[in-house]
Structure formats: structure tokens, C-alpha cells
Amino acid sequence: MDEKNASFENFIKEIVTKWDSDPNGDTDKDKRRTSVITISSEPGSGGQIISEALAKRLDYNLFNRDIIKEIADSADISTSVIESIEKERLSGIEDFIASIVNKRYLWPGVYLEHLMRVVSVIGKHRNAVIVGRGANFILPPKERLSVRIVSPIEVRIRNIARLFQVSEEEAKKRVNMREARRKAFIRKSFNADVADPINYDLVVNTEHMSFESCVEIIRSALNQFQDPV
């Protein structure tokens, strides 16, 4: 096993152990609270940085798109995550997945089925920031705050050029390619438009705001979402 895989498996073991040892994970109060944030972002808009800072600020577990994809790709890891929750609650997850499939006229393949199960289990355990992989289309609206991070294309191109130290021409290609892949994945998997603002509770434009300000805006929105007037 290489170092990367070992590190990833250790991460999963730590998360599952934390879930299993949580003495307050199933209280009535927690059931009423929304403590899952899904983050969808345009490439280069700062979504990953904001997600990491948000998870740290809230002391939530961070599941980025690479982690979610690895779990969904691996049957063994999927099983370890899914089995961390009681059977009766798993049946509820299966019912919800069936409702997604029927509502959107989908017939999920093995990967999509694993993905929906994994994201659903993470959502049930709460206290999580889930990045990408269409998580907002999987979790029930009342159980997550769904956020979309955006920025004008020219800003995103500059951000990618600076981050990867490439020309703006190369950065533009990367932005367009990633955007096309994400849009195609959401369309194919959930029959939805990833860029449609109606699919999100909150859309944040990072053009004129610091990432720290964006984190505070999302945190404030979460508090309002949890305690509606």
C-alpha cells in the first residue's frame, strides 16, 4: 500500500471511529439542527479554500470531492462508512435514494449508488462540510445548507494561473475543462444544471470579498437556517 492510500484509509478509520464514539450524535436536538453544508463552486472561485476554512472555523469534518470520490469508488471503504450507521437508518437512506431516482428519472449505476449512500451517511452523522460530487442534489433540502461559490471568468482564470503558475491561456483551458466536466457529471448523474442558482440556498460571489468574509457569510446563513424566525 502506498503512502497516499495508507493516509486516506487512516483518515476514513479516524472518521468512522469518531462517528461510532459520538455520544450525542442522535439526540432530538441534533435532529432538528442543520449542521451539514454542501459546497459547489466554479473552478478558480476559491471554493476549496473557503470550504477548508469553514470546516476549521466550525470544527466540522471536511469531505472534499476527492475524498468523496475515493469512498464511492472503493467498495471496501464504502462498506466501512455505510456500516457506521444503524440498519434502521440505512433503510431510510435507501428510501430516500429511491425517491431521488424516481423524481429525476434516473437509474443509478454502481458508482452513483455508492456515491448517494456515502453522502447520505455523512449527512446523517452531521457536522460536515461536503465539497462537490452533487451532494446538494443527494441530501434532503431541510438537512443541509447548500452553497454555490462563483466568480467572473476572468477572475477565476487569474486565480488558476497564479495558483498553478501557468499562463492565462493555459489557465483558461483548465477552467473550461473542469467546468465542463463538473457540469456534465451533474447533468448525467442528477439530471440537473450545476449552475442554476435555484439549486442552492446561498450563492456567494468572491470577486470583491475576501475568503474570510465568505466564510463568515456562510456561517451566518447556517445559523439563520438552523433557527428560522
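### Quick word on the nonpolar core
Logical step 1: I68, L115, V119, I122, I130, I186 and F190 are the most contacted members of the largest nonpolar core, which has 22 residues in total.
Logical step 2: When residues of this core are traced back to their parent elements, those giving at least two are α4 (65-73), α7 (110-125), β3 (128-131), α8 (135-138) and α10 (168-190).
Logical step 3: No other element matches the 6 residues that α7 contributes to this core.
Logical step 4: Apart from the residues within four sequence positions on either side, I68 is in contact with F63, L115, V119, I122, I130 and R133.
Logical step 5: One finds I37, L54, I149 and L222 within the second-largest nonpolar core, a separate group that totals 19 residues.

### Comments concerning the packing of aromatic side chains
Logical step 1: One pass over the structure, following the stated rule, counts 2 aromatic pairs.
Logical step 2: Note on F137 and F190: the rings are 5.7 Å apart at their centroids and 20 degrees apart in plane angle, and the pair reads as stacked. Linking F137 in helix α8 with F190 in helix α10, this pair joins segments that are 53 residues apart in sequence. This pair shows no difference in class: F137 is buried, exactly as F190 is.
Logical step 3: Taken together, a centroid distance of 6.3 Å and an interplanar angle of 85 degrees make the contact between F185 and F190 edge-to-face. No difference in accessibility class separates F185 from F190, as the two residues are buried.
Logical step 4: Members of the aromatic cluster, each reached through a chain of ring pairs, are F137, F185 and F190.
Logical step 5: It is R174 that lies over the ring of F164; its NZ or CZ is 5.1 Å from the centre.

### Examining the pairing of strand β4 (residues 145-150)
Logical step 1: Of all 6 residues that make up β4, 6 are buried, and the element is covered over most of its length.
Logical step 2: Here β4 shows no split at all, with L145, V147 and I149 on one side and S146, R148 and V150 on the other all buried.
Logical step 3: Across 5 bridges, strand β1 (residues 36-41) lies against β4 in parallel orientation. In the sheet register, I39 faces β4, and the bridge partner there is V147.
Logical step 4: Across 4 bridges, β4 lies against strand β5 (residues 202-205) in parallel orientation. Along β5, the bridge assignment pairs R148 with V203.

Definitions and limits used
- Chains are numbered independently. Their residues run from 1 in the order of the written sequence.
- It should be noted that, the model being predicted, local features are given only for residues of pLDDT at least 70 and side-chain atom pairs only at 80 or more, the latter also being counted only at that level, while totals for whole chains, interfaces and linings use all residues.
- With hydrogens and water set aside, each side-chain value is computed from the structure's full complement of heavy atoms.
- Grouping buried Ala, Val, Leu, Ile, Met, Phe, Trp, Tyr and Cys residues that are joined through side-chain atoms within 4.5 Å yields what is termed a nonpolar core.
- Any residue under 20% of the maximum accessible area for its type is buried, any over 50% is exposed, and the rest in between are partly exposed; the area is computed with a 1.4 Å probe on protein chains only.
- Think of it this way: any DSSP run of H or I at least four residues long counts as a helix, any run of E at least two long counts as a strand, and we number them from the N terminus.
- A contact between two residues is defined here by any heavy atoms of the two lying within 4.5 Å.
- Only Phe, Tyr and Trp rings take part, Trp by its six-membered ring, and two of them pair if their centres are within 6.5 Å. Stacked means planes under 30 degrees apart, edge-to-face means over 60, and tilted covers everything else.
- Each ring is checked for a lysine NZ or an arginine CZ that lies within 6 Å of its centre and within 35 degrees of its normal; such an atom marks a charge sitting over the ring.
- Note on pairing: DSSP must find at least two bridges between two strands before they are called paired.

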